[in-house]
Every structure is written in C-alpha cells, then in structure tokens.
Amino acid sequence: MSASKIFILLSFLSVVLGLQILPISRKYYEEHLFASTGASSSHLCSHTSANILVEKTSLNPWWKNVELPHAYIADKVRKDFPILETEFKGKPLVYLDSAATSQKPKFVLDTLNHYYESVNSNVHRGAHTLSRDATSAYEGARDIVASLINAKSRNECIFTKGATEAINLVAMTYGRANVGPGDEIITTELEHHSNIVPWQILASQTGCKLNFAHVDQVNGTLDVEELKSLLSMRTKIVSFQHVSNTLGCVNPVRELVEAIREKAPNAKIVLDACQSVPHQAVDVQALNVDFMAFSGHKMCGPTGIGALWGREELLNSMPPFLGGGEMIDCVTLEGSTYLPSPGRFEAGTPPIAQAIGFGAAIQYLNNIGFEEIEAYEQELGDYLYKRLSEVKGITIFGPEKNRVALCSFHCDAVHPSDLSTFLDVEGVAIRAGHHCCQPLHQALGYSHSARASLYFYNTKEEIDKLIKALEESIAFFDAVGKTDSNSDDLNDDFVPFI
C-alpha cells in the first residue's frame with residue numbers, strides 16, 4: 001500500500017472512529033524526526049534547499065517578521081471570492097493552483113447570472129430588444145479585451161474557446177496557407193503542449209521543419225542565444241511563451257522580437273501570454289509581435305473563453321478556421337465569401353455568456369489595477385521561493401530571480417501525486433503532474449513535479465500553511481519509508497496529467 005493510501009486510511013479512521021492517530025503522529029514527527037540537519041545536493045537548472053529546521057528552533061524565525069507591503073490587496077478582495085470560504089473537514093481551503101485556473105469573483109458570477117436571467121439571446125441575428133442587448137454586451141466585451149492589451153482595433157481581437165484554440169487557429173489558417181517544404185518553424189522545449197502539438201501537426205502536413213530551442217540547464221531559463229542561432233531567412237513562424245508555466249521564468253520578449261525581425265524578417269511571431277496577461281499589464285503594440293493568445297479562465301473569467309489577438313491586415317489575409325453561420329458575407333451554391341476579422345473566425349453561435357463574463361473579469365482586475373497586482377504577486381512569489389528553498393529535500397525549478405509567483409518543485413522523499421494527495425487532506429490545493437510540459441520535464445530529468453501557483457487573492461499566511469503541511473508530509477514519508485519520487489509507474493492513477 002502506498003504512503004498516500006496509508007495516510008488516507010488513517011485520516012478516515014481518525015474522523016470516523018474519533019481516534020487521535022494523526023495528531024499523535026505529527027507530535028512524534030516533531031519530537032523525533034525534526035532533529036537532523038543537512039542539505040541535499042544541487043541540480044542543474046534548480047535551487048536545492050538547505051534545512052530550515054535549525055532556524056525554526058529560534059524564537060523568531062525570519063519569516064515570522066515578514067510583512068508584505070501590498071498585502072492589503074488580498075485583505076480587500078478575498079471576500080469577493082465565495083469559494084475561498086470553503087472548508088474541507090474543518091480545514092480552510094488554501095488554493096495554490098491559479099496557474100491551472102483562477103477562482104472567480106462574485107462580480108463575474110453575478111454578471112453571468114444576469115445574462116442568463118435577463119439578456120439571454122443569440123447575437124448578431126435579431127432586431128428584437130434581447131438580441132440587441134446581448135449583441136451590445138458581447139461586442140462590449142471585445143472592446144474591453146482590446147483596451148486591456150492596447151490593440152489598435154477591436155477587429156484584431158477574436159474570441160476563442162481558449163489559448164489552445166487560438167494557437168491552433170493560427171497554425172491551421174496562417175500556417176497552412178504560408179508554410180511549406182523548406183520552411184522552418186521555431187518553438188522551444190519549455191512550451192505548454194498547446195504551443196508544441198499544433199506546430200508538430202502543421203509540420204507533418206506541410207513538410208516544413210520544426211526546430212526547438214532548449215532550456216538553459218544552468219540558469220533555469222530559455223536558452224535565448226540558441227533560439228537566436230536558429231533564426232534564418234527560412235524561418236516562417238516563431239512561437240514562444242511570455243512566462244513559463246513550469247519554470248516561472250519571464251522570457252525577454254522584446255529582445256527576442258528584435259532578433260527575429262533582424263535575422264528572420266519574413267517570420268511571424270506568436271506569443272503565448274497565458275501566464276502573463278492575468279498578472280501584469282501587457283501591450284501588444286509595444287511587444288511588436290504578430291499574434292498573441294491568452295485565456296479568460298486564468299484571469300478570473302469563465303472557462304471556455306479566450307482571445308487571439310492578431311494584426312488586422314494579417315487576419316484579413318488568412319483563410320477561415322471553421323465554416324458556417326456568422327462568418328460569411330455571401331453564400332451561393334457556387335461558393336462563399338467571408339467577413340473580415342473578427343467575424344471570419346467566429347463561426348456559429350459564439351460563447352456569448354463566457355465572453356461577457358470575460359469582459360467582467362477584466363473590469364474587475366482593472367478596478368484593482370495591474371500595477372498593484374504585479375507588485376503584490378512579486379512579493380508573494382519572492383516569499384514563496386525563499387520559504388520553499390529552505391525546506392529539506394526540495395528542488396525548485398527555474399531561476400532564483402526574474403520569476404513570477406509560481407514554483408514547480410521536486411521532493412526527494414515523495415512522488416508529486418502522493419504529496420498533492422497528502423496536502424489536500426490539510427486543505428492545501430497544489431498541482432501534481434507534468435503541467436502539460438512533458439518535453440521540459442524530460443529535459444530537467446524528472447517525470448513529474450509539484451507546483452504551487454499564486455494570485456492576488458493569496459496571502460503570506462497561506463504560504464506558511466503550505467510550508468508547514470509540506471514539512472509534515474515529508475516527515476511522514478521519511479518515517480514510513482521513501483518512495484521512488486521520480487518513478488513513471490508509481491501512483492500514476494493519482495497524477496492529473498494537465
């Protein structure tokens with residue numbers, strides 16, 4: 001029986017039978033297992049921790065006295081998120097999985113309810129009041145998105161199901177029309193699968209060559225110089241992340257764009273901004289890319305909605321992605337003509353409620369202020385990194401500096417799935433798996449990792465709860481015997497591969 005299953009059984013017995021198994025065990029750990037000190041070996045592209053236990057024996061460990069200057073943001077907004085009041089068997093929810101999806105404020109929930117209760121109708125298709133109101137709200141959300149990223153025109157913003165569909169749209173329309181044998185596409189091994197698989201499909205269909213820039217194993221970042229070295233006149237598309245969802249590093253977009261424009265002037269640049277747009281001000285005109293994709297559900301919006309931004313002249317030169325209603329200009333039996341962007345790429349009934357909710361989420365974030373959000377998350381991220389780096393047996397992926405408020409890490413003592421299950425018993429929600437980054441994990445030498453990711457509604461105290469639960473979990477697994485924490489076969493039924 002695995003360690004996580006043993007613990008779940010003990011938890012069940014303690015709750016159902018009223019036994020005091022777990023508290024006694026934890027007291028035993030504190031008295032008998034937190035006695036040793038030492039440090040584990042370092043790993044390339046990682047930071048391996050020193051032991052915090054000696055420091056904790058002092059009356060005032062450093063972290064007790066830390067105050068985050070922008071902590072008032074979380075104090076102000078947490079009441080807006082009903083789910084954050086959730087308890088699991090008396091344990092308050094500590095939600096540290098916002099890189100996978102963010103929680104939703106009541107303002108967004110109320111907006112969705114209002115649409116369905118008072119405005120629900122199809123858009124662009126009716127002269128009656130409900131249809132006009134729904135169309136106004138839907139197109140108003142497009143204006144909000146355009147303003148958020150400083151698009152030149154609202155026509156440059158296409159609603160999609162999410163960033164995955166947005167990148168596929170570019171690959172299957174612009175890519176198919178403009179890429180062929182002898183051409184090259186560049187992406188990186190740091191990417192989310194949604195920024196690798198579409199290009200693999202395109203390469204298999206067109207005969208073009210797909211090149212990859214790799215991770216810098218020393219610094220834990222993209223090897224920028226390698227990417228530059230891959231550029232040539234044959235390069236037709238370069239696609240990369242703004243922020244890594246696993247390493248937490250921030251790519252130097254402007255530096256890369258400048259190099260691409262110089263060495264590959266015919267290339268179009270696709271930016272995956274899923275982990276940047278929710279957390280900081282992003283200006284597409286300043287970045288000077290050609291396409292940018294991002295999701296609504298990672299920035300307090302509903303699921304099933306995202307956006308593709310593209311230069312208007314480019315979008316209007318591209319063939320449609322899907323055919324059907326809404327996207328046509330004129331249909332005859334002999335052929336069809338198509339609307340310009342954005343209608344050309346929004347066939348069928350669109351995700352009306354989701355788009356309106358997306359707009360509401362952006363309004364909510366604007367009311368807080370992206371400068372404030374970024375500043376607070378930088379404080380949270382620095383604190384998370386420093387506290388994690390002092391936990392024995394933890395290896396953090398990515399750079400120490402110039403990173404966002406997420407940490408993926410490997411624990412020597414326990415498989416990520418077991419660790420996540422154990423923490424969940426304490427009400428702490430983290431992600432376990434490969435985070436849709438299998439090539440990156442393979443490059444780092446791990447099959448899976450654990451990840452804690454923060455948003456502006458998180459607090460210093462929640463990080464402290466994570467660290468306490470993490471230390472107790474590691475002690476537990478040390479006590480029952482180490483599992484192979486990097487095994488591909490161990491407890492994979494517990495690992496959510498997303």
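Reading the values: the criteria
- Residues numbered from 1 in each chain as written.
- Predicted model: local features only at pLDDT ≥ 70, side-chain atom pairs only at ≥ 80, totals over all residues.
- Heavy atoms only, no water.
- Helix = DSSP H or I, 4+ residues; strand = E, 2+ residues; numbered from the N terminus.
- Buried < 20%, exposed > 50% of the residue type's maximum accessible area, 1.4 Å probe, protein only.
- Contact = heavy atoms within 4.5 Å.
- Axes fitted to C-alpha atoms, helices over the stretch in contact; angles between N-to-C directions.
- Parallel < 35°, antiparallel > 145°, perpendicular 65-115°, else oblique.
- Left-handed = near helix turned anticlockwise from the far one by under 90°.
- Nonpolar A, V, L, I, M, F, W, Y, C, P; charged D, E, K, R; others polar.
- Arc of directions from axis to C-beta.
- Core = buried A, V, L, I, M, F, W, Y, C linked by side-chain atoms within 4.5 Å.
- Pairing = 2+ DSSP bridges.
- Salt bridge = Lys/Arg side-chain N within 4 Å of Asp/Glu carboxyl O.
- Expected span 1.5 Å × (residues − 1).
- pLDDT = per-residue confidence, 0-100.
- Polar contact = N/O pair within 3.5 Å; in protein donor to acceptor, adjacent residues only side chain to side chain.
- Right-handed = clockwise from strand over helix to strand, strands pointing away.

Participant: Whenever I open this one, the overall build of the protein confuses me. Can you help?
Facilitator: Counting secondary structure elements, the protein contains 17 helices and 20 strands. Going through the 498 residues of the protein one by one, you find that 57% of them count as buried. Counting only contacts in the protein whose residues sit at least 6 apart along the sequence, the fraction spanning at least 24 positions is 73%.

Participant: How should the packing of helix 15 (residues 416-425) against helix 17 (residues 460-480) be read in this particular structure?
Facilitator: Packed helix pairs are characterised by how far apart their axes lie and by the angle those axes make with each other. Contact geometry for helix 15 and helix 17: axes closest at 10 Å, N-to-C directions at 125°. Between helix 15 and helix 17, the interaxial angle falls into the category oblique. Crossing hand, helix 15 versus helix 17: right-handed. Of helix 17, the residues touching helix 15 (which contributes Asp-418, Leu-419, Phe-422 and Leu-423) are Leu-466, Ala-469, Leu-470, Ser-473, Phe-476 and Phe-477. Taken together, the residues of the contact of helix 15 with helix 17 sort by class into eight nonpolar, one polar and one charged.

Participant: What am I meant to see in helix 10 (residues 253-263) here?
Facilitator: Every α-helix carries 3.6 residues per turn, so stepping three or four residues along brings you back to the same face. Taken as a whole, helix 10 has its buried residues at Val-253, Leu-256, Val-257, Ala-259 and Ile-260. Along helix 10, the residues classed as buried sweep out an arc of 165° about the axis, all on the same side. Facing away from the buried surface of helix 10 by more than 90 degrees, the exposed residues are Arg-254, Glu-258 and Glu-262. Tucked inside the fold, the buried residues of helix 10 contact strand 9 (221-222), helix 9 (224-230), strand 10 (235-241), strand 11 (268-272) and helix 11 (284-287).

Participant: Before we go on, may I ask you to explain the nonpolar core in this structure?
Facilitator: The nonpolar side chains of a soluble globular protein tend to be buried, and buried together. The biggest cluster of nonpolar side chains holds 114 residues, and the ones touching the most others in it are Met-292, Phe-294 and Phe-456. No other element matches helix 13 (residues 352-368), which puts eleven residues into this core. Among all residues touching Phe-294, those that are not within four sequence positions of it are Val-145, Ile-149, Gly-162, Ala-163, Ala-273, Cys-274, Val-277, Met-299, Gly-306, Ala-307 and Phe-358. Membership of the second largest hydrophobic core comes to 26 residues, among which are Ile-167, Tyr-174, Val-179 and Leu-308.

Participant: When you look at the sheet that holds strand 5 (residues 157-160) in this model, what are you seeing that I'm missing?
Facilitator: Strands in a sheet are paired, the pairing made by backbone hydrogen bonds, and the direction either parallel or antiparallel. In space, the seven strands of this open sheet follow the order 5-13-12-11-10-6-7, with mixed pairing throughout. Two strands close off the open sheet at either side, each with one partner strand: strand 5 and strand 7 (209-213). Adjacent strand axes in the sheet meet at a mean angle of 20° when their direction is disregarded. Relative to strand 7, strand 6 (residues 184-188) is paired through five bridges, and the arrangement is parallel. Residue Thr-188 lies in a different strand from strand 7, and its bridge partner there is Ala-213. Packing of helix 6 (residues 129-149) onto the sheet brings it into contact with strand 5, strand 12 (291-295) and strand 13 (306-310), and relative to strand 5 it is tilted by some 120°.

Participant: Just checking my understanding: could you explain the packing of helix 5 (residues 106-119) against helix 6 for this structure?
Facilitator: Orientation of helix 5 relative to helix 6, taken along the N-to-C sense of each, is 160°, at an axis distance of 11 Å. In this view, helix 5 runs roughly antiparallel relative to helix 6, as classed from their interaxial angle. Relative to helix 6, the crossing made by helix 5 is left-handed. Residues Tyr-115, Ser-118 and Val-119 of helix 5 lie in contact with helix 6, whose contacting residues are Leu-130, Asp-133 and Ala-134. Broken down by class, the residue content of the contact of helix 5 with helix 6 amounts to four nonpolar, one polar and one charged.

Participant: Looking at this structure, I do not really get the pattern of salt bridges. What am I missing?
Facilitator: Should their charged atoms come close, side chains of opposite charge can pair. Under the definition given, this model contains 20 salt bridges. The residue Asp-143 makes a salt bridge to Arg-154 at a minimum N-O spacing of 2.6 Å. Placement of the pair is Asp-143 in helix 6 and Arg-154 in the loop between helix 6 and strand 5, with a sequence separation of eleven residues. Taking the relative accessible area as the measure of exposure, Arg-154 reaches 28% and is therefore partly exposed. Residues joined in a network through salt bridges with shared partners are Glu-139, Arg-142, Asp-143, Arg-154 and Glu-346.

Participant: Quick question: what am I supposed to make of helix 7 (residues 163-178) here?
Facilitator: Here helix 7 contains 16 residues, and its C-alpha end-to-end distance of 21 Å stays within 8% of the 22 Å for a straight helix at 1.5 Å per residue. Restricting attention to buried positions, one finds in helix 7 the residues Ala-163, Ala-166, Ile-167, Leu-169, Val-170, Ala-171, Met-172, Thr-173, Tyr-174 and Gly-175.

Participant: Please explain the confidence of the model for the protein as it appears in this structure.
Facilitator: When pLDDT drops low, the exact placement of atoms in the prediction is not to be read closely. Of all residues in the protein, 85% have pLDDT values of 70 or greater, and the mean over the chain is 88. In this model, residues 12-57 is a region of pLDDT below 50 whose contacts with residues beyond four sequence positions or in other chains number 88 contacts. Contacts for the low-pLDDT stretch residues 489-498, under 50 throughout, to residues beyond four places or in other chains number 28 contacts.

Participant: How do you make sense of the environment of Asp-183 when you look at a structure like this?
Facilitator: Residue placement: Asp-183 occurs in the loop between helix 7 and strand 6. Taking the C-alpha atoms as reference points, Asp-183 and Gly-207, separated by 24 residues in sequence, lie 8.2 Å from one another. Not counting chain neighbours up to four residues away, the residues in contact with Asp-183 comprise Asn-178, Cys-208, Lys-209, Arg-234 and Lys-236. Within polar-contact distance, the side chain of Asp-183 engages the backbone nitrogen of Gly-180 at 2.8 Å. Polar contacts involving the side chain of Asp-183 include one to the side chain of Lys-236, which spans 3.3 Å.

Participant: Would you explain the pairing of strand 11 in this entry?
Facilitator: Looking down a regular strand, the side chains alternate between one sheet face and the other. Across the five residues of strand 11, four count as buried, placing the element largely inside the fold. The pairing of strand 10 with strand 11 spans five bridges and is parallel. Bridge pairing in strand 11 links Val-238 to Ile-269. At this point the chain moves from strand 10, through helix 10, to the parallel strand 11, and the crossover so formed is right-handed. Where strand 11 and strand 12 come together, three bridges link them in parallel fashion.

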